[in-house]
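These are the residues of each chain, in order.
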Amino acid sequence: MECSCGKTTNLLIEADFGDAVWCAVCKVNLDVDELPVSGDLKQQLEDWTRDFGKWIDWDSDLLKNDADKTEGVFNQKGEVLVAKLREALPSFTITYQPSNLCLLYGTAGR
Ligand SMILES: [Zn+2]
């Protein structure tokens, strides 16, 4: 993967409101399309990213009911995806950072 620090094989997977793939070294957001994995796996990654933050009510900026449960399911899916990525990219180092929105909103919002 091309990025600011050169050619990275050190990835960080952390869901955000854009792509969920980052260079673990220079923290640049990488294009999922450029990952050397199957289109199917890219699609799964994009579908997963799209669900990010669904447990927050953006109108009131508060956690929805069962937010921690929803986030837990989301984080589990992420873990499964990262396992698939590691399998598809054996020469890459892939770190997974689960979402902690509940933690952020839980302390900030109350
Ligand atoms: Zn980099």
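Residues numbered from 1 in each chain as written. Predicted model: local features only at pLDDT ≥ 70, side-chain atom pairs only at ≥ 80, totals over all residues.

Now for the overall build of the chain. Helix and strand counts for the chain come out as three helices and seven strands. Its helices and strands in sequence order give the chain the pattern β-β-β-β-α-β-β-α-β-α, from N to C terminus. Counting only C-alpha atoms, the chain reaches 45 × 25 × 20 Å along its principal axes. Expressed as a percentage of its 110 residues, the buried residues of the chain come to 18%. Put simply, 50% of the contacts in the chain that link residues at least 6 apart link residues at least 24 apart. (Helix = DSSP H or I, 4+ residues; strand = E, 2+ residues; numbered from the N terminus. Buried ≥ 20, exposed ≤ 12 C-beta atoms within 10 Å, placed from the backbone. Contact = placed C-beta atoms within 7 Å.)

Summarising the model, the chain shows a mean pLDDT of 93, and 96% of its residues fall at 70 or more. Across the chain, strand E7 (residues 93–96) holds the top mean pLDDT of 98, while helix H3 (residues 101–108) sits lowest at 82. (pLDDT = per-residue confidence, 0-100.)

So, about the nonpolar core. Counting 10 residues, the largest nonpolar core consists of Leu 11, Ile 13, Ala 15, Ala 20, Val 21, Trp 22, Cys 23, Leu 45, Leu 81 and Leu 85. Those elements giving two or more residues to this core turn out to be strand E3 (10–13), strand E4 (21–23) and helix H2 (67–88). Ranked by residues supplied to this core, first place goes to E4 with three residues. The residues contacting Ala 20, other than those within four sequence positions of it, are Ile 13, Glu 14, Ala 15, Leu 45 and Thr 49. (Core = buried A, V, L, I, M, F, W, Y, C linked by C-beta atoms within 7 Å.)

Along the chain, Leu 103 turns up in helix H3. Leu 103 sits 39 residues away from Lys 64 along the chain, and the two C-alpha atoms are 13 Å apart.

Glancing now at the pairing of E3. Covered by surrounding structure in E3 are Leu 11 and Ile 13 only, the residues Asn 10 and Leu 12 on the alternate face being uncovered. Across four bridges, E3 lies against E7 in parallel orientation. Note on E7: the bridge partner recorded for Leu 12 is Thr 95. Where E3 meets E4, three bridges bridge the pair, whose relative direction is antiparallel. Note on E4: the bridge partner recorded for Leu 12 is Trp 22. (Pairing = 2+ DSSP bridges.)

Once that is clear, we can look at the sheet that holds E7. Read from one edge of the open sheet, three strands run E4-E3-E7, paired in mixed fashion. In this open sheet, the two edge strands, each paired with only one partner strand, are E4 and E7. Pairwise comparison of adjacent strand axes, ignoring direction, gives a mean angle of 30 degrees for this sheet. Together, E3 and E7 form the strand contacts of H2, whose direction differs from that of E7 by roughly 180 degrees. (Axes fitted to C-alpha atoms, helices over the stretch in contact; angles between N-to-C directions.)

As a further point, take the environment of Asp 33. Counting through the fold element by element, Asp 33 comes out in the loop between E4 and helix H1 (39–50). Taking the number of C-beta atoms within 10 Å as the measure of exposure, Asp 33 has 10 and is therefore exposed. Between the alpha carbons of Asp 33 and Asp 19 there is a distance of 9.6 Å; along the sequence they are 14 residues apart.

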